[in-house]
Amino acid sequence: MITMTREQARRFILSKQGLLGKYRFVGKSGAYQYIRQAGCIQYDPVDVCGKNAELTLQSRVRGFTRKMLADLLYKDRLLVDYTDKELSIWPREDWPYFSAYRERSKIHGAGFPCIPELEEQAVAYIRKNGPVSSDTLPIQGKVFWHSSMHWSGNWHRTSPAARSVLEQLYTDGVLLIHHKSGSRKFYDLADKYFSRDLLDARNPCPDEISFLEWRIRRRIGAIGLLWNRRSDAFLGIEMTTEQRDAAFEKLEDEGVIRKTAVEGIRFPMYFLTEDMPLVEAVLSDAIDLSRRLEFLAPLDPMLWDRKLVEAIWDYRYSWEIYTPAEKRKFGYYVLPMLYGEKMAGRIEASADRKAETLVIKNIWYEPEIRQTKKLNAAVDAALRRLAKFNDCSRIAK
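Cut-offs used in this document
- Residues numbered from 1 in each chain as written.
- Predicted model: local features only at pLDDT ≥ 70, side-chain atom pairs only at ≥ 80, totals over all residues.
- Heavy atoms only, no water.
- Pairing = 2+ DSSP bridges.
- Helix = DSSP H or I, 4+ residues; strand = E, 2+ residues; numbered from the N terminus.
- Axes fitted to C-alpha atoms, helices over the stretch in contact; angles between N-to-C directions.
- Contact = heavy atoms within 4.5 Å.
- Expected span 1.5 Å × (residues − 1).
- Buried < 20%, exposed > 50% of the residue type's maximum accessible area, 1.4 Å probe, protein only.

(A) Seen up close, the sheet that holds strand 3 (residues 41-42). If you walk across this open sheet you meet the three strands as 3-6-5, and the pairing is antiparallel. Two strands in the sheet have a free side with no partner beyond their single neighbour: strand 3 and strand 5 (79-84). Looking at chain direction, strand 5 and strand 6 (residues 86-91) are connected through six bridges and run antiparallel. What sits directly across from Leu 79, in strand 6, is Pro 91.

(B) Just the sheet that holds strand 17 (residues 357-365), in detail. Taken in spatial order, the five strands line up as 14-15-16-17-18 in an open sheet, and their pairing is mixed. Each end of this open sheet is capped by a strand with a single partner; those strands are strand 14 (293-295) and strand 18 (394-396). Across the sheet, the axes of successive neighbouring strands diverge by a mean angle of 30°, strand direction being ignored. As paired elements, strand 16 (residues 342-352) and strand 17 share eight bridges and run antiparallel to each other. When the bridges of strand 17 are listed, Ala 351 appears paired with Leu 358. Contacts from helix 13 (residues 373-389) reach strand 14, strand 15 (334-339), strand 16, strand 17 and strand 18, with the element oriented near 45° to strand 14.

(C) The arrangement of helix 7 (residues 161-172) in detail. In this model, helix 7 (12 residues) spans 16 Å end to end at C-alpha, consistent with the 16 Å of a helix rising 1.5 Å per residue. In terms of burial, helix 7 is a largely internal element, 11 of the 12 residues being buried. The set of residues buried in helix 7 consists of Ala 161, Ala 162, Ser 164, Val 165, Leu 166, Glu 167, Gln 168, Leu 169, Tyr 170, Thr 171 and Asp 172. Of the residues one or two after helix 7, Gly 173 is the one with positive phi, at around 90°.

Coordinates in, geometry out; function isn't part of it.
See the structure below:
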C-alpha cells in the first residue's frame, strides 16, 4: 500500500484541484475542463459575493468571469443544470448516465391526477412560443404534486400548476433550463438543443450497481482523496453501508481506484488509479509548490467532506448560512481562505454591485498563521480579484 504524510496528502489534493502552483485552468475552456474533471459542481442561488458554482471556478480558473459559466450552460450547452450532488452543474456528455433518474421521474409524474394532461399543454405552448418561466406559462390553478428530485424531499404539497408541470418536465428531461434571470428559471424543450442521439443514448451503466460504482468513482475524483466512510461527499447517492463497501471493493479489485495510508489517519484513503502519475510526482517532490491565496466556495468540492478536511488540514469549517445569527461563530456567508498548502483563515465579504464596492466585513486568521507583509500582500491581491469578479471597483474594509 502507498503511504503518504499529511503534507503529501495536502499537496496531492491541492494539485489535483488546481489550487497549488501556477494556474492550470485558464479562461472558459479551463472552466469546462475543471468541471469535467470534478464531474459536477454544486449550484446554490445565494449570491453574496458570487454564487457557489461561480466561486468554485473563480478560485481555480485564471481570468474567470460569471459570463463564462452562463455561456457554457446556456449558449454553448456543454454543461447541464440537473441533480447529482444536490443541485449541480455537470457536463452534457454525462446525460445518458442519468437516464434512470428521468425514467423514474416520468413514472412518478404519471401517478398524479392532471399532470400528464398539463404536460401536453405545456409542451405544445413552449413548442409554439419558446422559453417560459412559471410566471409566463399560461396554466392557472394549483395541483396536488411533489417533485421526485431528492433535494425537494418526498413530501406532498399543493403547488401552483405552472410551476409543478415545468419542474416535472424538467426532471423528466423533456425540458432544459434555457436561462436564469436572478433566481427565476426559464425553460425550453431539450430537443431544441440536444440531438436525439444524445437524448436517447443508452445508459453506459447496465444496472443500478454499476451506476453506483460510477458515481462513487466520480466523487473520489472530484476531491482527489476520499475514504470509505459515511460522508457528505456522497450526498445525492442513495446507498447502504454494505453497498458502499461492495462498490469500493469492486473498484479497487478492478484497478479503478487505489488505496493509500495517510499518517495519523486511521482510515485508508482512495484515489483514482489514473492519478497515479500525480501521486508519484508528489511523493518525489516534483510538483509546483508556488503559493497562491484563494478564497474557496462554501460548497467547494475540496470541502465536501469537512471531517476529511479537518483530519488532513486540522481546519474546521461550517457553512453558517442556516445557523441563527446569535449562534454563528463567524458569519452568514464566510469563505475559507487557502494560502499555499495551508488553510490560513476565512473571510466574510459582500458585494454591493450598485455601489461597485466589495465590503470586507471581517477576516479571521488561524491561530498559527503569522500575518507577514507577504501574506497581507497576497490577501490584498486576492481581494482585488474578488472585487473585479463582482464588478466592483472599490474595496471597503
